[in-house]
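A closer look at the structure
Listed below, chain by chain, are the residues.
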Amino acid sequence: MNAEVISEKVREIVQETIDSSGLGIEVDDEMSLIEGGLLDSMSIVKLVQELQQTFDIDIDFSDITISNFDSISALNQYVEARKAGA
Amino acid sequence: MSHSLCKAIDQSFNSFSKNTALIQHQSNGESVALSYEALKALAGKVYSLFDEDLTADQCIGLYMQRSVEHVASIVASIYSKSPYTTINNLVSAKQVCHIAQDSNLKILICDNSTILKLRALTQDEADKKTLSSVRIIHIRNNEGLQPVYKQTIELLSDFTTIESIFLAEVKPYDLQVPRAETINKSKLILFTSGSTGNPKGVMIKGDDLIDRVESESKAYGLQEGDVLLNILPFSFDVGCNQLYSSLIKGCRLVLLNSWMPKDMVSAIVTYQVTGVSGVPSLWLSIVNANLEELKEIDGILRYITISGGDMAEKDRLALRDLLPNVKIFKTYGQTETFRSGMLLAEHFDAKHKSVGKPVEGVELLILDDNGNKVAQGQIGEIIHQGIGTMLGYIGDKEATNRKLKNLPQGLGENNQKVIYTGDLGSIDEDGFLYLHGRQDRMFKVRGNRVYPEEIERELCAHEEVIESASSYDAAEELITVYVRKKEDSALTEKAIIKFLSTRLPSYMMPSHCLLYDDFPRTASGKIDVPTLTSQGK
């Protein structure tokens with residue numbers, strides 16, 4: 001899975017999570033998801049589950065931080081690093 | 001008027017001018033620090049945006065994420081004659097409309113996180129009408145306006161007044177303490193999450209807010225040099241009071257926009273936090289996170305609070321074990337009373353099941369259904385009088401009269417207004433208060449009184465259960481329980497029923513049990529029971 005595919009899938013997952021809350025907002029890569037109030041704790045749980053399944057990675061508690069989860073671009077970097085085995 | 005909230009904060013701006021008032025932790029790991037002096041200057045700029053003809057009966061609404069701009073807007077509102085309300089940035093735009101109607105909202109301050117949510121209101125004519133009488137101020141955090149916000153502002157400007165402001169470009173304005181007699185008696189309006197129906201606005205007197213600060217600061221021993229971590233929303237009385245206490249006592253407040261355990265723990269280490277006001281779900285996530293840094297924070301923190309609800313005994317004790325050197329306070333109250341009881345850290349080990357004794361300036365009575373005092377140890381409704389008592393619900397006399405009443409004759413001064421909390425409690429021989437659930441949740445099965453909170457407590461005694469909730473279908477006489485189990489647990493419905501059957505009398509046994517990995521939540525983080533109930537059907 002290359003970086004482009006990862007970033008496309010991450011965007012898709014995040015957009016779906018936000019759509020399920022009925023906000024009707026299209027997110028861009030830099031938009032603040034947590035600080036910006038677009039994701040609440042319930043959606044984070046769903047998001048973590050989705051990411052784990054889609055990319056076949058284990059996300060540890062100590063990785064669920066605002067620096068990894070606050071934007072699509074931050075999530076991209078995190079998932080890429082995990083897929084690369086970091 | 002002897003003192004005012006505004007005067008006390010103004011005094012802090014003079015006494016602590018060079019100290020750091022706020023640190024905002026940002027998602028990129030960097031932080032923004034603001035001195036008391038700088039906070040006053042920023043608040044002055046926000047104040048200068050308010051209408052000159054703003055009257056004392058018009059309300060200012062703050063619909064923002066936790067930020068230095070949010071705190072500056074709170075301070076600016078405190079310097080005005082008007083009451084203000086902080087609206088949780090997680091609540092929907094629909095609810096904002098409801099709040100605007102109830103509170104005679106004149107100004108609504110938004111930021112990037114909330115302005116987008118207001119788009120939802122462009123679909124409904126009634127919502128548009130409500131918003132048309134409100135002036136919206138969008139405070140942005142950078143010079144330019146990104147396309148998505150620009151487009152949103154254009155959409156909204158079709159039916160309401162809206163302007164986008166970059167505070168760095170606003171001219172300085174010198175804040176002045178208003179004359180006490182010109183200020184609205186009700187200074188703060190907090191909307192209760194209201195598990196059923198629309199939220200109710202609780203009106204709070206400015207002087208009472210000062211009394212709350214004094215009482216809290218004394219209990220926690222707050223002083224200049226303390227660093228407090230703010231995770232709770234300012235729309236919640238505990239989070240709001242923490243902010244006032246921090247400002248008035250010259251402490252440093254760290255603003256963290258994350259409820260994730262790792263972020264909280266890192267913030268405590270990075271900023272050397274001495275005190276955290278928290279709620280059960282937050283401590284529960286810390287207890288279950290199994291993070292290495294916990295040992296380190298035990299040496300940094302001086303105190304933490306468990307507020308806004310209680311934890312299961314096993315989790316409370318696990319928290320105690322994780323942080324053996326930290327003082328743990330438990331507080332009990334409602335938005336209508338602020339704080340009725342507090343369990344001091346020194347009593348935690350012996351009395352951790354109780355919610356402590358009445359806080360200073362508060363008197364509690366336990367009354368039976370006929371309005372008589374119950375005997376020691378007996379269960380009755382908790383009546384709150386003294387500091388913390390609300391002025392009433394805004395625009396709802398009927399609801400106010402049900403909650404805020406005179407005591408029955410012979411029990412106190414005739415015109416003394418007290419709060420009928422609707423909570424059931426008992427007091428032990430040492431004067432400690434124990435909670436037994438909500439009066440309106442109590443029901444009878446075959447003539448036996450059932451307190452659903454007792455069922456939930458027994459569920460949480462199970463090692464693999466994190467949280468629980470329950471509902472009762474009166475027509476069918478059926479009890480349903482909802483269980484949030486640990487992620488890796490293989491717990492089954494059958495196993496839970498079997499576990500309960502050894503601990504509960506048969507009339508308290510649930511007929512259905514539903515398992516969850518996480519619960520739906522209300523904006524304030526509480527379990528959303530109505531949603532659970534509707535899903536269970």
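Residues numbered from 1 in each chain as written. Chains lettered and ligands numbered in written order. Predicted model: local features only at pLDDT ≥ 70, side-chain atom pairs only at ≥ 80, totals over all residues.

Section: the overall build of chain A
Regarding its fold elements, chain A presents 4 helices and 0 strands. Its C-alpha atoms give chain A a radius of gyration of 12 Å, near enough to 12 Å, the size a compact globule of 86 residues would have. Counting all 86 residues of chain A, 34% fall into the buried class. Relative to all contacts within chain A whose residues are 6 or more apart in sequence, the contacts with residues 24 or more apart total 67%. (Helix = DSSP H or I, 4+ residues; strand = E, 2+ residues; numbered from the N terminus. Rg over C-alpha atoms; globule rule 2.2 N^0.38 Å. Buried ≥ 20, exposed ≤ 12 C-beta atoms within 10 Å, placed from the backbone. Contact = placed C-beta atoms within 7 Å.)

Remarks on the overall build of chain B
Check the secondary structure of chain B and you find 18 helices and 27 strands. The C-alpha atoms of chain B give 24 Å as radius of gyration, which agrees with the globular expectation for 537 residues (24 Å, within 12%). Over its C-alpha atoms, taken along the principal directions, chain B stretches across nearly 70 × 55 × 50 Å. Split into buried and exposed, the 537 residues of chain B put 49% on the buried side. The long-range fraction of contacts in chain B, counting pairs at least 24 apart against all pairs at least 6 apart in sequence, stands at 68%.

Comments concerning the sheet that holds strand S15 (residues 341–343) of chain B
All names here are of chain B. The strand order S2-S1-S11-S10-S12-S13-S14-S15-S16 describes an open sheet built from 9 strands, whose pairing is mixed. Both edges of this open sheet fall to strand S2 (31–35) and strand S16 (357–358), since each of them pairs with a single strand only. As paired elements, strand S1 (residues 20–25) and strand S11 (residues 252–256) share 4 bridges and run parallel to each other. Note on S11: the bridge partner recorded for glutamine 24 is leucine 255. (Pairing = 2+ DSSP bridges.)

A word on the interface of chain A and chain B
Accessible area lost when the parts come together is the quantity often used to give the size of an interface. Counting residues at the interface gives 19 residues for chain A, matched by 27 residues for chain B. Elements with a contribution of two residues or more to the side of chain A that touches chain B: helix H2 (41–55) and helix H3 (66–69) of chain A. Element by element, the count of residues in the side of chain A that touches chain B is highest for H2 of chain A, at 3 residues. Among the residues forming the side of chain A that touches chain B, the class breakdown is 8 nonpolar, 8 polar and 3 charged. (Nonpolar A, V, L, I, M, F, W, Y, C, P; charged D, E, K, R; others polar.)

A few points about the pairing of strand S3 (residues 59–63) of chain B
All names here are of chain B. Counting buried positions over the 5 residues of S3 gives 5, a clear majority of the element. Where burial is concerned, the two faces of S3 agree: the one with Cys59, Gly61 and Tyr63 and the one with Ile60 and Leu62 are both buried. Here 5 bridges tie S3 to strand S5 (residues 105–110), and the two strands are oriented parallel to one another. Bridge pairing in S5 places cysteine 59 opposite leucine 105. Of the pairings in the sheet, the one linking S3 to strand S4 (residues 84–87) comprises 4 bridges and is parallel in character. Within the sheet, the bridge partner assigned to tyrosine 63 lies in S4 and is isoleucine 87. Taken together, S3, helix H3 (residues 68–78) and S4 form a β-α-β motif whose crossover is right-handed. (Right-handed = clockwise from strand over helix to strand, strands pointing away.)

A word on the environment of histidine 462 of chain B
Topologically, histidine 462 of chain B is positioned in the loop between helix H16 (452–460) and strand S25 (465–473). Residues histidine 462 of chain B and alanine 312 of chain B, 150 residues apart in the sequence, show an inter-C-alpha distance of 9.7 Å.

Observations concerning helix H2 (residues 36–47) of chain B
All names here are of chain B. Compared with the 16 Å implied by 1.5 Å per residue over 12 residues, the 16 Å span of H2 between its first and last C-alpha is a close match. Most of H2 is tucked away, with 9 of its 12 residues classed as buried. Looking only at H2, the buried set comprises Tyr36, Leu39, Lys40, Leu42, Ala43, Gly44, Lys45, Val46 and Tyr47. Close packing links the buried residues of H2 with helix H1 (5–15), S1, S2 and H3. (Expected span 1.5 Å × (residues − 1).)

What to know about the nonpolar core
All names here are of chain B. Judged by nonpolar contacts, the single largest core of 166 residues is most densely connected at Leu39, Ala43, Val75, Val254 and Val273. By residue number, the principal contributor to this core is H3, which donates 7 residues. Once residues lying within four places of it in the same chain are set aside, the contact partners of valine 254 are Ile23, His25, Val227, Leu228, Leu229, Asn230, Ala267, Tyr271 and Val273. (Core = buried A, V, L, I, M, F, W, Y, C linked by C-beta atoms within 7 Å.)

What to know about the sheet that holds strand S27 (residues 512–516) of chain B
Residue and element names in this part refer to chain B. Pairing is mixed across the open sheet formed by 3 strands, whose spatial order is S25-S26-S27. On the outer flanks of this sheet lie S25 and S27, each paired with one strand and no other. Here the strands of the sheet are splayed against their neighbours by 20° on average, with no regard to which way each runs. The pairing of S25 with strand S26 (residues 478–485) spans 8 bridges and is antiparallel. Opposite serine 471, over in S26, you have threonine 480 as the bridge partner. (Axes fitted to C-alpha atoms, helices over the stretch in contact; angles between N-to-C directions.)

A look at the packing of H2 of chain B against H3 of chain B
Residues and elements named next belong to chain B. H3 packs onto H2 with a crossing angle of 70° between their chain directions and a minimal axis gap of 8 Å. Here H2 is positioned roughly perpendicular relative to H3, judged by the angle of their axes. Seen along the crossing, H2 lies across H3 with a hand that is right-handed. In this structure, H2 uses Leu39, Leu42, Ala43, Val46 and Tyr47 to contact H3, whose residues at the interface are Val68, Val71, Ala72, Ser73, Val75 and Ala76. When the residues that make up the contact of H2 with H3 are grouped by side-chain class, the tally is 10 nonpolar, 1 polar and no charged. (Parallel < 35°, antiparallel > 145°, perpendicular 65-115°, else oblique. Left-handed = near helix turned anticlockwise from the far one by under 90°.)

Here's the deal with the confidence of the model for chain B
Confidence in the prediction of chain B, expressed as mean pLDDT, is 91, and 98% of residues score 70 or more. This complex was scored by the predictor with a pTM of 0.89 and an ipTM of 0.77. (pLDDT = per-residue confidence, 0-100.)

Details of the confidence of the model for chain A
Across chain A, pLDDT averages 84, with 92% of residues at or above 70. In the model of chain A, H2 of chain A stands out as the element of lowest mean pLDDT, 85, in contrast to helix H4 (residues 72–83) of chain A, which has the highest, 91.

Here's the deal with unusual backbone geometry
All names here are of chain B. For asparagine 104, which is not glycine, the phi torsion reads 55° and is therefore positive. The residue asparagine 104 is located in the loop between helix H4 (93–103) and S5 in this model. Phi angles above zero are rare outside glycine, and phenylalanine 338 is one such case at about 60°. Following the sequence through the fold, phenylalanine 338 ends up in the loop between strand S14 (327–332) and S15.

Structural notes on the packing of helix H8 (residues 206–220) of chain B against helix H9 (residues 237–248) of chain B
Residue and element names in this part refer to chain B. Look at H8 against H9: their axes get within 9 Å of each other, and the N-to-C directions meet at 75°. One way to sum up the angle between H8 and H9 is to call them roughly perpendicular. Facing H8, whose interface residues are Leu209, Arg212, Val213, Glu216 and Ser217, H9 presents Asn241, Tyr244, Ser245 and Ile248. Among the residues forming the contact of H8 with H9, the class breakdown is 4 nonpolar, 3 polar and 2 charged.

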